[in-house]
Each structure stands twice: as C-alpha cells, then as structure tokens.
Amino acid sequence: MHSNTHLGISLDAMTHVAATVPHLDHACDTHYPWQTEDVLTERLAFRDGHLGVGDAPGLGVDLDRDRLAALHRRWREGDGTYRSRDDAAAMRVAEPGWVTPAVPRW
C-alpha cells in the first residue's frame, strides 16, 4: 500500500487493513509524516517506524469537524491547486535542490 497525500483518517484505515493481512511481509508506505495539515484532533504518532492499531470499535480517531469543513471549503472554492498533484513541488519543500529524475515512460 502507498499513499502520497492522505490525511490521518485514511492512513488509519490503511493501517487497519494492513493489520488484517496475514503474513504481510513488506512495509506500507506513507508520506503522512511530511503532511502539515490534518482533520484529526490528534495526529497519528509513529513509534519505531510503526503505527499502532487500537482495539476499540471503529478506527479510533476523532475528527476535527471545523478543520475538515475548512479544508473542504478550500478544495471547493480554491483555484484548483489542491485538485492537481505536483509531486516535484512537494519534494522541493523537503529538499530544495531536488530535480525530477529522467525516467523512461512505459
């Protein structure tokens, strides 16, 4: 599993799904630690490279409904920048000198 720009709620759902897969022998990938915004009242915390899976019913996360509404409004009313994906720009935030590598198109 891989996710580039998800929020905590989808990361937690992905984690729950991964926890049900018998003999999962590869790491699930996320860019969540680099995300600066979320709709959870408390960000998910990695410990030793792992996320825990709770034992309570449901995902076990609390949504910040005001933050969810604000992000939804920004997505609906914005200029489209949040609807298009620019991985290179996101990488340059973390590494300012990063350039898109030349890769073959299959």
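Relevant structure appears above.
Scope of this entry: the structure provided in the associated data block. A quick note: this is a predicted structure, and the numbers were derived from the prediction, not measured.

**Some words on the environment of Gly78**
Tracing the sequence through the fold places Gly78 in the loop between helix H2 (65-77) and helix H3 (87-94). Looking at Gly78, the relative accessible area reads 37%, which means it is partly exposed. Between the C-alpha atoms of Gly78 and Tyr32, which are 46 residues apart in sequence, the distance is 22 Å.

**Details of helix H1 (residues 8-20)**
In a regular helix each residue adds 1.5 Å, so 13 residues correspond to 18 Å; H1 covers 19 Å between its end C-alpha atoms and thus fits that length. Within H1, burial applies to Gly8, Leu11, Asp12, Met14, Thr15, His16 and Ala18. Considering only its buried residues, H1 is in contact with strand E1 (2-3) and strand E2 (29-30).

**Observations concerning the pattern of salt bridges**
Applying the stated criterion to the full structure yields 2 salt bridges. A salt bridge links Arg67 to Glu37; the nearest nitrogen and oxygen atoms lie 2.4 Å apart. With Arg67 in helix H2 and Glu37 in the loop between E2 and H2, this pair connects stretches of sequence that are 30 residues apart. Since its relative accessible area comes to 28%, Glu37 is described here as partly exposed. Measuring nitrogen to oxygen at the nearest pair gives 2.8 Å for the salt bridge that ties Arg74 to Glu37. Residue Arg74 is found in helix H2, and its partner Glu37 is found in the loop between E2 and H2; the two are separated by 37 residues along the sequence. Here the salt bridges do not stand alone but share partners, grouping Glu37, Arg67 and Arg74 into one network.

**Brief notes about the environment of Arg74**
Note on Arg74: relative accessible area 28%, which makes it partly exposed. Separated by 26 residues in sequence, Arg74 and Thr100 have C-alpha atoms that sit 28 Å apart. Only 2.8 Å separates the side chain of Arg74 from the side chain of Glu37, close enough to count as a polar contact.

Reading guide: rules and limits
- Position numbers for residues start from 1 in each chain and track the written sequence from start to end.
- This being a predicted model, a pLDDT of at least 70 is required before a residue's local features are given, and a value of 80 or more before pairs of side-chain atoms are given or counted; all residues contribute to the totals for chains, interfaces and linings.
- For the side-chain quantities, the full set of heavy atoms in the structure was used; hydrogens and water were omitted.
- Secondary structure counts use DSSP, requiring at least four H or I residues in a row for a helix and at least two E residues in a row for a strand, with both numbered from the N terminus.
- Each residue is assigned to one of three classes by its accessible area relative to the maximum for its type, calculated with a 1.4 Å probe on protein chains only: buried under 20%, partly exposed between the two thresholds, exposed over 50%.
- Helices are assigned an expected span. That span is 1.5 Å times one less than the residue count.
- Contacts: residue pairs with any heavy atoms within 4.5 Å of one another.
- Salt bridges are counted wherever a side-chain nitrogen of Lys or Arg sits within 4 Å of a carboxyl oxygen of Asp or Glu.
- Polar contact criterion, stated in full: a pair of N or O atoms within 3.5 Å, where within protein one must be able to donate a hydrogen and the other to accept it, and residues adjacent in sequence count only if both atoms are side-chain atoms.

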